[in-house]
Every structure is written in structure tokens, then in C-alpha cells.
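Given next are the chains, with one letter for each unit.
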Amino acid sequence: VFKNFGTAQVILRWHIENGTIIIPKSVHADRQKENLNLFGFALTADEHAAIDALDGPTRAGHDPLTFTYE
């Protein structure tokens, strides 16, 4: 479905379209250019649904609602 775009671009675009503030980081010039290209396309409703369906019952990191620095 996302053949013409890199994985990072699709993820960044999904976050933008969901109203999430993102701060992409890369030290590689080619990846920085790819990150800027995320405004050159929009995800369809089917693409959103496919990405949303990836959400599982467990988190890959700390739960932001219960995380502490202790």
C-alpha cells in the first residue's frame, strides 16, 4: 500500500494526521529529506485503518500515564 514512501514517512504522516506533535531526528541528510517529504501525500481511510489495526494489547515502552523517573 505504501510502496512509494519510506516506513518513517508513513509513520510520521500518520502521527501528523492524528494530531500528534512529532520531532523527527536523523543525522543522515537523505533521511532528513525523506522526513520533509511527508507533506507530499495523505493517507487514505483504508491506510489509516491498516495502521490502526497494528495496535496491540501491550506497549513497547513505558506507559506515559504511570511512568516515573525513580
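Residues numbered from 1 in each chain as written. Predicted model: local features only at pLDDT ≥ 70, side-chain atom pairs only at ≥ 80, totals over all residues. Heavy atoms only, no water.

S.K.: Just checking my understanding: could you explain the confidence of the model for the chain for this structure?
M.R.: Looking at the chain as a whole, the pLDDT averages 83, with 93% of positions reaching at least 70. Confidence, read as mean pLDDT per element, is least for helix H2 (residues 29–36) in the chain (85) and greatest for helix H3 (residues 45–52) (90). (pLDDT = per-residue confidence, 0-100. Helix = DSSP H or I, 4+ residues; strand = E, 2+ residues; numbered from the N terminus.)

S.K.: Quick question: what am I supposed to make of the side chain of Glu 47 here?
M.R.: Following the sequence through the fold, Glu 47 ends up in helix H3. An unpaired buried charge is present at Glu 47: no salt bridge exists, and Arg 13, the closest side chain of opposite charge, is 8.8 Å distant. Here Thr 44 takes part through its backbone nitrogen, which lies 2.7 Å from a polar atom of the side chain of Glu 47. (Buried < 20%, exposed > 50% of the residue type's maximum accessible area, 1.4 Å probe, protein only. Lys, Arg positive; Asp, Glu negative; His and termini not counted. Salt bridge = Lys/Arg side-chain N within 4 Å of Asp/Glu carboxyl O. Polar contact = N/O pair within 3.5 Å; in protein donor to acceptor, adjacent residues only side chain to side chain.)

S.K.: Explain H3 to me, please; I cannot follow it from the model alone.
M.R.: An α-helical segment advances 3.6 residues per turn. Residues three or four places apart therefore align on the same side. For H3, the full list of buried residues reads Glu 47, His 48 and Ile 51. Mapping the buried residues of H3 onto a view down its axis gives an arc of 100°, with all of them on the same face. Within H3, the exposed residues directed more than 90 degrees away from the buried face are Ala 45 and Asp 46. For H3, the secondary structure elements touched by its buried residues are helix H1 (7–17). (Arc of directions from axis to C-beta. Contact = heavy atoms within 4.5 Å.)

S.K.: Would you explain the nonpolar core in this entry?
M.R.: One recurring pattern in soluble globular proteins: nonpolar side chains tend to sit buried together. Of all hydrophobic cores here, the largest spans 6 residues; its members are Val 10, Leu 12, Leu 38, Phe 41, Leu 43 and Ile 51. Look past the residues within four positions of Leu 12 in its chain and what remains in contact with it is Ile 22, Pro 24, Asn 35 and Leu 38. (Core = buried A, V, L, I, M, F, W, Y, C linked by side-chain atoms within 4.5 Å.)

S.K.: Help me understand the side chain of Ser 26, please; the structure alone is not making it clear to me.
M.R.: With respect to the helices and strands, Ser 26 occurs in the loop between H1 and H2. Relative accessible area serves as the criterion here: at 15%, Ser 26 is assigned to the buried category. A polar atom in the side chain of Ser 26 sits 3.1 Å from the backbone nitrogen of His 28. Sequence-distant contacts of Ser 26, defined by excluding residues within four places in its chain, comprise Arg 31, Gln 32 and Asn 35.

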